[in-house]
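Residue-level listing of the chains:
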Amino acid sequence: MLRLIATVALLSLAACAPPATRPPADGAPLFALAPSALPGGLAEQQRLSFEHGDRRETVDAMVQADAGAVRLVIHAQGQVALRLDWDGEQLTQKRMPWVPETLDGARVLSDLQLVFWPAEALRAELPAGWTLDEEGARRTLRDAHGTVAWVEREDADTRVLHQVRLRYRLRIDSVPVAP
């Protein structure tokens, strides 16, 4: 359990909830797009597989996004570890007492948006000098110094996020949930 907590903490290096896309203090911007920027919404059960160095952990999540809100629940070892609610203005986080404060909902939300929100909506929020390219099944986020992160769509239900600057990989295996 402690190993899982430490791994998740290392993967979530950002600070407090974002009022808008923040400049990259840790090497990667924090997206905070409106839930309505995701056309058609999202309702999925997800298996999240994290890799950071030689550490590997898997947790389950449930995510729902509609025009009014994004809701995400992360389960670790059968318990709710983190619950996020984002209404486009305020990010509310509820965590189990054993989950460290360094597991930051703002980074979790940002990664979710980088993976699933439309590229044009993300581009509109990028800091000056940053680009987001989408070619085929790959989406690449860059600044003047090179690649910051990239997302690869392996198939309709699997995406892999490589946070180059933050040094972690997140594989998202999704199963759509009927509304």
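Here, the structure is the one placed above.
Residues numbered from 1 in each chain as written. Predicted model: local features only at pLDDT ≥ 70, side-chain atom pairs only at ≥ 80, totals over all residues. Heavy atoms only, no water.

(A) Quick look at the sheet that holds strand 1 (residues 42-52). Read from one edge to the other, the open sheet built from 10 strands follows the order 5-4-3-2-1-10-9-8-7-6, with strand pairing classed as antiparallel. Only two strands of the sheet have a single neighbouring strand rather than two, namely strand 5 (91-95) and strand 6 (131-135). Each strand of the sheet is rotated relative to its neighbour by a mean of 20°, with strand direction disregarded. (Pairing = 2+ DSSP bridges. Helix = DSSP H or I, 4+ residues; strand = E, 2+ residues; numbered from the N terminus. Axes fitted to C-alpha atoms, helices over the stretch in contact; angles between N-to-C directions.)

(B) Region of the structure containing the environment of Gln 46. Structurally, Gln 46 can be placed in strand 1. Sequence separation between Gln 46 and Pro 176 is 130 residues; the distance between their C-alpha atoms is 8.6 Å. Apart from the residues within four sequence positions on either side, Gln 46 is in contact with Val 59, Asp 60, Ala 61, Val 63, Phe 116, Ile 172, Asp 173 and Ser 174. Within polar-contact distance, the side chain of Gln 46 engages the side chain of Glu 44 at 3.0 Å. (Contact = heavy atoms within 4.5 Å. Polar contact = N/O pair within 3.5 Å; in protein donor to acceptor, adjacent residues only side chain to side chain.)

(C) Here's a closer look at the packing of aromatic side chains. All told, the structure shown has zero aromatic pairs when counted by the stated rule. Over the face of the ring belonging to Trp 150 we find Arg 138, whose NZ or CZ atom lies 3.7 Å from the ring centre. (Phe/Tyr/Trp six-rings, centres within 6.5 Å; stacked < 30°, edge-to-face > 60°. Lys NZ or Arg CZ within 6 Å of the ring centre and 35° of its normal.)

(D) Local environment of the pattern of salt bridges. With the rule as written, the count across this model stands at 10 salt bridges. Among the ionic pairs, Asp 111 bridges to Arg 107, the shortest N-O distance being 3.9 Å. Of this pair, Asp 111 and Arg 107 both sit in helix 2 (residues 105-116), four residues apart, roughly one helical turn. With respect to class, Asp 111 is no different from Arg 107; both count as buried. Put simply, Glu 51, Arg 56 and Arg 169 are held in one network by salt bridges that share partners. (Salt bridge = Lys/Arg side-chain N within 4 Å of Asp/Glu carboxyl O. Buried < 20%, exposed > 50% of the residue type's maximum accessible area, 1.4 Å probe, protein only.)

(E) Quick peek at the side chain of Asp 111. By relative accessible area, which is 7% here, Asp 111 ends up buried. Engagement of the side chain of Asp 111 in a polar contact is seen with the side chain of Tyr 168, the distance being 2.3 Å. Discounting residues that sit within four places of it in the chain, Asp 111 has contacts with Leu 161, Gln 163 and Tyr 168.

(F) Inspection of the nonpolar core at higher detail. Formed by 47 residues in total, the largest nonpolar core has its most connected members in Leu 114 and Trp 117. At the level of elements, strand 1, strand 2 (55-65), strand 3 (70-76), strand 4 (79-86), helix 2, helix 3 (119-123), strand 8 (146-155) and strand 10 (168-176) are the ones that each hand at least two residues to this core. Of the residues forming this core, the biggest block, seven residues, is contributed by helix 2. Beyond its immediate stretch of four places on either side in the chain, Trp 117 contacts Leu 33, Ala 34, Pro 35, Ala 37, Leu 38, Ala 65, Val 70, Leu 112, Leu 122 and Arg 139. (Core = buried A, V, L, I, M, F, W, Y, C linked by side-chain atoms within 4.5 Å.)

(G) Inspection of the layout of surface pockets at higher detail. Space inside the largest pocket adds up to approximately 190 Å³. In this structure, the largest pocket is lined by 16 residues; those nearest its centre are Leu 42, Ala 43, Val 63, Gln 64 and Ala 65. Elements with a contribution of two residues or more to the lining of the largest pocket: strand 1, strand 2 and strand 3. The element best represented in the lining of the largest pocket is strand 2, accounting for four residues. For the lining of the largest pocket, the class distribution of residues is 10 nonpolar, three polar and three charged. (1 Å grid on protein atoms, 1.4 Å probe; cavity = no way out; pocket = protein on both sides within 12 Å on 5 of 7 lines; lining within 4 Å. Points joined across faces, edges and corners; volume = space filled by probe spheres on them. Nonpolar A, V, L, I, M, F, W, Y, C, P; charged D, E, K, R; others polar.)

(H) Summary view of the pairing of strand 1. When strand 1 meets strand 2, the two strands line up antiparallel, connected through 11 bridges. Bridge assignment links Ser 49 to a residue of strand 2, and that residue is Thr 58. Taking the residues between adjacent antiparallel strands as the criterion, strand 1 and strand 2 are bridged by two residues, where Gly 53 takes a positive phi near 65°.

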